[in-house]
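# Observations on chain architecture
Spelled out from the first residue to the last, the chains are:
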Amino acid sequence: MALDLGALALKYTGLAVSDHDSIVAINIFIALLCGCIVFGHLLEGNRWVNESTTALVLGLITGGVILICTKGVNSRILIFSEDIFFIYLLPPIIFNAGFQVKKKQFFRNFATIILFGAAGTLISFVIITFGAMGLFSKLDVGPLELGDYLAIGAIFSATDSVCTLQVLNQDEAPLLYSLVFGEGVVNDATSVVLFNAIQNIDINHFDVFVLLQFIGKFLYLFFTSTVLGVAAGLLSAYIIKKLCFARHSTDREVAIMILMAYLSYMLSMLLDLSGILTVFFCGIVMSHYTWHNVTESSRVTTKHTFATLSFIAEIFLFLYVGMDALDIDKWKLASSSPKKPIALSAVILGLVMVGRAAFVFPLSFLSNLSKKESHPKISFNQQVIIWWAGLMRGAVSIALAYNKFTTSGHTAVRVNAVMITSTIIVVLFSTMVFGLLTKPLINLLIPPRPGTAADISSQSFLDPLTASLLGSDFDVGQLTPQTNLQYLLTMPTRSVHRVWRKFDDKFMRPMFGGRGFVPFVPGSPIERSVHGPGLLGTVTEAEDRS
């Protein structure tokens, strides 16, 4: 990534900087990343400020210093490129989300997560789009076409729940954590799929046929992207299981997992599919099969490698957003006064709040109808937190806005500059203000109770969404007295779960490995104690169904 970033180094006063200046700029940025990690660690104790907020603040400070040093010429070290975001930074974040996901909790609440992440995003998209069409004209934003309004709806439907997840306790609120986490991932994928579908349809001749074409394109991208991710994950599991890389080098196991995951993402982009969905489900499948086919040392290495790459990418994005916020050229082009971008940002934030409330509370009601009596329902306080968590906007919104309204990070059109500056204001305000208020809001609505974590942990260690990669299945409980509507909504889910468990044990695990498959490393005392002489690896049935 450093070579590409060096090639896209900042151009001061319109002149390309030398290779030496590019290296200096990259060194400064890496030093800032280290500073974000250090400050984030020092502020971890109170859990009010996380690395995301720290990176934004440090980016703003650095941008201000650069702006002063260059006498108002620029405030950035590197030029933002949506290509860098989508090719280098987004894949490790989304893949790690799928790889670390606790599948038992995720699929137990899968219907609710899909309701919030897919159907809810569509509802928010419609409200933001039509709200923008009705209100933007009163602010004299500039000439915007129907395609621009649809893109705005997709851009501001993309949530960023990082701040909320960093202050939520998995042990105290496993249901809430799983819903916020799962909805955030599916929401980002849905927003990007919407954005890409809008870019590929004929907006100028919009009619019923175009609407059906748009819906068909959306469903096609969703389905094919998911299938591609699952296929890539299964292929990696099959290759590692059959070839036994660990006989010669465990490094090859780690390398093939990383490269196969990245290949699935890039192949999805090449086929104009949703790379987010592809790499997310590739991560889920890899954690279910591939991860169990490698040696113990490779398991530890891959888990921490993916988490580290994701962490660095997130900090990089927030740091750059903070620096880019002070890019003086966009503000001068947008308006002689900052009042217009601020007013437009306030309208967008209002639409975001209304659009999110329009689906969180009604869909929560529908979700509660499908809950069995033994399963916790989404309380009103939890619904408020879910609503609040989705108000924050982040790097996905920034990247989509740059993709739509700029060329290589720059624009000479006033209306485009207004949209970019407004997006930056929305991201900064929502992350800084909503993010800082998240912790007191959670303490107010769901006060921590002494001994809660201990009580929950004594019941089950498998409730947290990302606690461990080992427990991937979930039990299908006994039927409990339900209303006819509850029975109708829950019966298909239980049936699918039961059929999948049987199919997975009988066909999938014998072919692709997974839990129960023990890789062999010659010469290892541990492996010799597990395997008999000359045994290369076995597939056994998993006795533990927890």
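The rules we used
Residues numbered from 1 in each chain as written. Predicted model: local features only at pLDDT ≥ 70, side-chain atom pairs only at ≥ 80, totals over all residues. Heavy atoms only, no water. Helix = DSSP H or I, 4+ residues; strand = E, 2+ residues; numbered from the N terminus. Buried < 20%, exposed > 50% of the residue type's maximum accessible area, 1.4 Å probe, protein only. Contact = heavy atoms within 4.5 Å. Areas by Shrake-Rupley, 256 points an atom, 1.4 Å probe, with all protein chains shown as cover. Phe/Tyr/Trp six-rings, centres within 6.5 Å; stacked < 30°, edge-to-face > 60°. Lys NZ or Arg CZ within 6 Å of the ring centre and 35° of its normal. Axes fitted to C-alpha atoms, helices over the stretch in contact; angles between N-to-C directions. Parallel < 35°, antiparallel > 145°, perpendicular 65-115°, else oblique. Left-handed = near helix turned anticlockwise from the far one by under 90°. Core = buried A, V, L, I, M, F, W, Y, C linked by side-chain atoms within 4.5 Å. Expected span 1.5 Å × (residues − 1). Bend = angle between axes of the 7 residues up to and from the residue. Nonpolar A, V, L, I, M, F, W, Y, C, P; charged D, E, K, R; others polar. pLDDT = per-residue confidence, 0-100.

### Description of the overall build of the protein chain
Looking only at helices and strands, the protein chain has 21 helices and 4 strands in total. When burial is assessed residue by residue, the protein chain has 54% of its 546 residues classed as buried. The long-range share in the protein chain, meaning contacts at least 24 apart out of those at least 6 apart in sequence, stands at 82%. Here the protein chain has roughly 23800 Å² of accessible surface; of this, 68% comes from carbon and sulfur atoms.

### Remarks on unusual backbone geometry
Backbone geometry places aspartate 272, a non-glycine residue, at a positive phi of 60 degrees. Topologically, aspartate 272 is positioned in the loop between α11 (250–270) and α12 (275–293). Residue class for aspartate 272 comes out exposed when judged on its relative accessible area of 53%.

### A short note on the packing of aromatic side chains
This structure, assessed with the given rule, holds 14 aromatic pairs. By way of ring pairs, the aromatic residues Trp387, Trp388, Phe429 and Phe434 are connected into one cluster. A cation sits over an aromatic face here: arginine 299 above tryptophan 291, 5.5 Å from the ring centre.

### A closer look at the packing of helix α9 (residues 174–199) against helix α10 (residues 208–243)
Contact geometry for α9 and α10: axes closest at 9 Å, N-to-C directions at 135 degrees. The angle between α9 and α10 falls in the class oblique. Here the hand of the crossing between α9 and α10 comes out right-handed. Of the residues in α10, those touching α9 at Thr190, Val193, Leu194, Ala197 and Ile198 are Phe214, Lys217, Phe218, Leu221 and Phe222.

### So, the nonpolar core
Grouped together as the largest cluster of nonpolar side chains are 128 residues, with contacts concentrated most on Phe85, Phe136, Phe156 and Leu319. The biggest single contributor to this core is α9, with 15 residues. Apart from residues lying up to four places away in sequence, phenylalanine 156 is in contact with Ile128, Ile348, Val352, Arg393, Met419, Thr423 and Val426. In this structure, Leu234, Val285, Tyr289 and Met508 belong to the second largest nonpolar core, which totals 6 residues.

### Examining helix α6 (residues 110–135)
In this model α6 runs 36 Å from its N-terminal to its C-terminal C-alpha over 26 residues, within 8% of the 38 Å that 1.5 Å per residue would give. The largest bend in α6 amounts to roughly 35 degrees and is located at glycine 120.

### Overview of the packing of α9 against helix α17 (residues 395–405)
Contact pair α9 / α17: the axes reach a minimum separation of 11 Å and the direction vectors enclose 10 degrees. Compared by their axis directions, α9 and α17 come out roughly parallel. Listed contacts from α17 to Asp188, Val192, Phe195 and Gln199 of α9 are Val396, Leu400, Asn403 and Lys404. Split by residue class, the contact of α9 with α17 holds 4 nonpolar, 2 polar and 2 charged.

### Here's the deal with the environment of isoleucine 240
The topology assignment puts isoleucine 240 in helix α10. As for isoleucine 240 and methionine 257, which are separated by 17 residues in sequence, their C-alpha atoms are 8.8 Å apart. Not counting chain neighbours up to four residues away, the residues in contact with isoleucine 240 comprise Phe245, Glu253, Ile256, Met257, Thr290, Asn293 and Val294.

### A short note on the environment of isoleucine 113
Counting through the fold element by element, isoleucine 113 comes out in helix α6. When the C-alpha positions of isoleucine 113 and serine 367 are compared, they lie 9.6 Å apart, and in sequence the two are 254 residues distant. What isoleucine 113 contacts, discounting residues up to four positions off in sequence, is Phe106, Ala118, Ser178, Leu179, Gly182, Glu183 and Val186.

### So, the confidence of the model for the protein chain
Across the protein chain, the average pLDDT comes to 74, with 72% of residues at 70 or higher. Of the regions scoring below 50 in pLDDT, residues 1–17 engages in 33 contacts with residues more than four places distant in sequence or in other chains. Under a pLDDT of 50 for its full length, residues 523–546 has, in the predicted model, 42 contacts with residues more than four places off or in other chains.

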